[in-house]
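Coordinate inspection notes
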Amino acid sequence: MATNKSNGMSNIVPPTRLERLLRDRLLRKSSKAPYPNEATDTNRGAEPFEDKGDNLGTSHAEQNSEAGMHGEICEKQEARPTRQRLLVVANRLPVSAIRSGEVTWSLEISAGGLVSALLGCISNCKEKVNAFFYDGLAGVKKFEVRWIGWAGVNVPDEAGQRALTTALAEKMCIPVFLDEDIIHQYYNGYCNNILWPLFHDLGLPQEDRLVTTRSFQSQFDAYKKANQMFADVVNEHYVEGDVVWCHDYHLMFLPECLKKNNSEMKVGWFLHTPFPSSEIHRTLPSWSELLRSVLAADLVGFHTYDYARHFVSACTRILGLEGTPKGVEDQGRLTRVAAFPIGIDSHRFIRALETPQVQEHINELKRIFTGRKVILGFVCLDMIKGICEKILAFEKFLEENSEWQHKVVLVQIAVPTRTDVPEYKKLTSQVHEIVGRINSRFGTLTAVPIHHLDRSLDFYSLCALYAVTDVALVTSLRDGMNLDSYEFVACQESKKGVLILSEFAGAAQSLGAGAILVNTWDITEVASSIAQALNMLPEEREKRHKHNFEHVRNHTAQLWAETFVSELNEASC
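Residues numbered from 1 in each chain as written. Predicted model: local features only at pLDDT ≥ 70, side-chain atom pairs only at ≥ 80, totals over all residues. Heavy atoms only, no water.

Observations concerning the overall build of the protein
Heads up, the condition is: Note on conventions: DSSP H or I runs of at least 4 residues are helices, E runs of at least 2 residues are strands, and numbering of each starts at the N terminus. Only protein chains enter the accessibility calculation, which uses a 1.4 Å probe. A residue is then buried if its area is under 20% of the maximum for its type, exposed if over 50%, and partly exposed in between. Contacts are assigned to residue pairs with any non-hydrogen atoms lying within 4.5 Å of each other. To be clear on the numbers: accessible area is Shrake-Rupley with a 1.4 Å probe, and residue cover counts the displayed protein chains and nothing else.
A tally of helices and strands in the protein yields 22 helices and 19 strands. A total of 573 residues make up the protein; the buried ones form 57% of that total. Pairs at least 24 apart in sequence give 77% of the contacts found in the protein among residues at least 6 apart. Surface summary for the protein: the accessible area is close to 23,600 Å², and the carbon and sulfur share equals 50%.

Here is the structure:
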């Protein structure tokens, strides 16, 4: 049968409307191609749902060079004289503002996973803001970047807003000013009290927990209002040809708000948490509005194949839309959906290990833990991190392996978060109680089996602790990715320690082949895995580490950012 040689596609009419949309898009792109090979490039990244298990991230990384080429083609089509601008829109800016006078502000680095990932720098590193912001943008170096978000402070007066806007402009940041009521209802209420638990499979809160944040409806209204306020700022600063990258569950209404104002705007949305199954998601009131708003984006991204599959399933089962491995059709419009596994700035950790500061910390830690194996847990104090389960599993390990009772130490770092929330206060008390009981049971006058710290560590201390660790224990109950495991692997080229990783963390799909995967809820299994890791032969440790180290070194945060933006350019061409 005759074929169209210009695009390699059959003249047979595709059987479904969605497939016809895909074919028409490729035909349009090939007809505009200024280079002979563009027609052969139109299928790049078009099959994000192909299940490749632990190597899911590899397909996007391998195809990245093609994505960059296509992005350049799109830029040439628009004949832009300068670098393309990228507007990163997130709930928080990468800096927090502190008012020191009526019109005087100081800026400090914000803590947060998005900041860590996109800027290629860990969130608790207290370096100068300039170095943090400019040096970390390797992942989007082909773009002129502006970051739009809330500065973490209420600024009710116009003079203060003008002064803060000026200060932030020097850091390529643009503020969204939210008042205290909006923050209370939108952020503390709908985002943290409704969406965050739901997306981590914890379900919706009971009615009595909503009393402190009024009613669900008021929180939802504030959420929509806040998203529109973000959209207003984006629209104010948008220049034709800009790419807009919206981040996380705080801004699910933003794509629709932006597209209503300008349907030609290139809009992408990325979720940094898990996306629940349709059966869980459908329990959320107003779920259809949220899904349809996200579908207004040109490209929707997730950390893993499973999360992307859940999103497509929710759109098909809840909204009745048509979905394929390439995306979702909504009222004749195709939204691309794909998995983009995130990473870290691995080279920064590798380089840090050679610095005098880290070497000094390493020598001190070796002296402190002489004669004992080190098991490390480094997490934010959070309901989903499985801290209590981890400590109970360690207790069971000590019970069943008496020969290890004075030869191993668990170092648990729990960085405090949301200290004013009752549930988190309760969690802190539970952790302290369990740690105290185990140390009393197995400790001596000179040594205890668990060293627990409610604090963060500076970058050099953290790298040193990673480097001396024999076993990293990650026991998340549910986690979007978990980059702590990546940081551990990056610092283990010398020691080649063992990673025990929860199968409920997104990182299990990338690092699973080199890690010992566990069901966090099964304390007996976790305890057995600790024994397996401590007794593992050097040859097996090295083999496992090599697999994970190569992945962490090659699949960086910079590559993640560049790949997403390149595919967004392609999807919206």
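A few points about unusual backbone geometry
A positive phi angle, near 70°, is found at Ser 286, a position not held by glycine. Among the structural elements, Ser 286 can be located in the loop between helix H10 (278-281) and helix H11 (287-294). In this structure, Lys 496 takes a positive phi of about 55° despite not being glycine.

Here's the deal with the sheet that holds strand E8 (residues 243-247)
What counts here: Strands are labelled as partners when DSSP assigns at least two bridges between them. In this description, a line fitted to the C-alpha atoms serves as the axis of each element, helices being fitted only across the stretch in contact, and the angle between N-to-C directions of two axes falls anywhere from 0 to 180 degrees.
The sheet built from 9 strands is open, its strands ordered E7-E6-E3-E8-E9-E10-E13-E12-E11 with mixed pairing. Looking at strand neighbours, the two that pair on one side only are strand E7 (173-175) and strand E11 (322-324), the edges of this open sheet. Averaged over all pairs of adjacent strands, the angle between strand axes in this sheet comes to 20°, irrespective of strand direction.

Overview of the sheet that holds strand E19 (residues 516-518)
Overall, parallel pairing links the 6 strands, which are arranged E16-E15-E14-E17-E18-E19 in an open sheet. The open sheet has two free edges, formed respectively by strand E16 (450-453) and E19, since each of these has just one partner strand. Taking the axes of each pair of neighbouring strands and ignoring which way they run, one obtains an average angle of 20° across the sheet. Judged from the 8 bridges that link them, strand E14 (residues 373-380) and strand E15 (residues 408-415) form a sheet pairing that is parallel.

Focus: the nonpolar core
The line we're drawing: We define a nonpolar core as any set of buried Ala, Val, Leu, Ile, Met, Phe, Trp, Tyr and Cys residues linked to one another through side-chain atoms lying within 4.5 Å.
Core analysis: the largest hydrophobic core is formed by 72 residues, its most contacted members being Leu 499 and Leu 501. The biggest single contributor to this core is helix H17 (residues 459-468), with 8 residues. Tyr 223, Leu 254, Met 265 and Val 328 belong to the second-largest nonpolar core, a separate cluster that totals 62 residues.

Details of the pattern of salt bridges
Keep this limit in mind: Within this document, salt bridges are pairs made up of a side-chain nitrogen of Lys or Arg and a carboxyl oxygen of Asp or Glu, the two lying within 4 Å of each other.
Overall, the coordinates contain 21 salt bridges when judged by the stated rule. Across the pair Glu 395 and Arg 441 runs a salt bridge, and its minimum N-O distance is 3.0 Å. Of the two residues, Glu 395 sits in helix H15 (residues 387-400) while Arg 441 sits in helix H16 (residues 422-442), which places them 46 residues apart along the sequence. A single network of salt bridges, built from pairs that share partners, joins Glu 395, Glu 399, Arg 437 and Arg 441.

Quick word on helix H20 (residues 523-534)
Each turn of an α-helix holds 3.6 residues, which means side chains three or four residues apart point in the same direction. Our working rule: In this scheme, a helix's expected span is set at 1.5 Å multiplied by one less than its residue total. Polar contacts here mean pairs of N or O atoms no more than 3.5 Å apart (in protein, one a potential hydrogen donor and the other a potential acceptor; neighbouring residues in sequence count only if both atoms are side-chain atoms).
Taking 1.5 Å per residue as the helical rise, H20 with its 12 residues ought to reach 16 Å, and the 17 Å between its terminal C-alpha atoms agrees with that figure. Looking at the buried positions of H20, the neighbouring elements they touch are E14, H15, E15, strand E17 (471-474), strand E18 (498-502) and E19. By the N-cap criterion, in which a side-chain oxygen at the helix start approaches the backbone nitrogen of a residue two or three places on, H20 is capped by Asp 522, the distance to Thr 524 being 3.3 Å.

Observations regarding the packing of aromatic side chains
Heads up, the rule is: Pairing of aromatic side chains here covers Phe, Tyr and the six-membered ring of Trp, requires ring centres within 6.5 Å, and sorts the geometry by plane angle: under 30 degrees stacked, over 60 edge-to-face, intermediate tilted. For a ring to carry a charge above it, either NZ of a lysine or CZ of an arginine must fall within 6 Å of the ring centroid while also lying within 35 degrees of the normal to the ring plane.
Per the counting criterion, the structure on display carries 22 aromatic pairs. Ring centres 5.8 Å apart and planes at 55° place the aromatic pair Phe 220 and Phe 253 in the tilted group. Within this pair, whereas Phe 220 is found in helix H8 (residues 216-237), its partner Phe 253 is found in the loop between E8 and helix H9 (254-261), the two being separated by 33 residues in sequence. Taking 6.2 Å as the distance between ring centres and 25° as the angle between the ring planes, the aromatic pair formed by Phe 394 and Phe 397 counts as stacked. Here Phe 394 and its partner Phe 397 are both found in helix H15, 3 residues apart, which amounts to about one turn of the helix. Just as Phe 394 is buried, Phe 397 falls in that class too. Site record: aromatic cluster; members linked through ring pairs are Tyr 186, Tyr 190, Phe 216, Phe 220, Tyr 223 and Phe 253. Above the ring of Phe 459, the side-chain terminus of Arg 348 is found at 3.8 Å from the ring centroid.

Concerning the packing of H15 against H20
Each pair of packed helices can be described by the angle between their axes along with the distance between the axes. Operational definition: Two helices that cross are described as forming a left-handed crossing if the nearer one is turned anticlockwise from the farther one by less than a right angle, and a right-handed crossing if clockwise. Nonpolar residues are Ala, Val, Leu, Ile, Met, Phe, Trp, Tyr, Cys and Pro. Charged residues are Asp, Glu, Lys and Arg, and all others, Gly as well, are polar.
Two numbers describe how H15 lies on H20: the axes approach to 8 Å, and their chain directions differ by 65°. Crossing handedness for the pair H15 and H20: right-handed. The segment H15 lies against H20, with Glu 389, Leu 392, Ala 393, Phe 394, Lys 396 and Phe 397 engaging Ile 523, Thr 524, Val 526, Ala 527, Ile 530, Ala 531 and Leu 534. Of the residues that constitute the contact of H15 with H20, the class distribution is 10 nonpolar, 1 polar and 2 charged.

Brief notes about the pairing of strand E4 (residues 95-101)
The pairing of E4 with strand E5 (residues 104-109) spans 6 bridges and is classified as antiparallel. Note that in E5 the partner of Gly 101 across the bridge is Thr 104. Where E4 folds back onto E5 in an antiparallel hairpin, the turn is made up of 2 residues.

Concerning the pairing of strand E12 (residues 327-330)
Judged from the 3 bridges that link them, E11 and E12 form a sheet pairing that is antiparallel. Considered in E12, the bridge of Thr 324 is made with Gly 327. The turn joining E11 and E12, which pair antiparallel and follow one another in sequence, is formed by 2 residues. As paired elements, E12 and strand E13 (residues 333-339) share 4 bridges and run antiparallel to each other. Each bridged residue has a counterpart across the sheet, and for Gly 327 the counterpart in E13 is Arg 336. If you look at the hairpin formed by E12 and E13, you'll find 2 residues sitting between the two strands, and Gln 331 has a positive phi there, around 55°.

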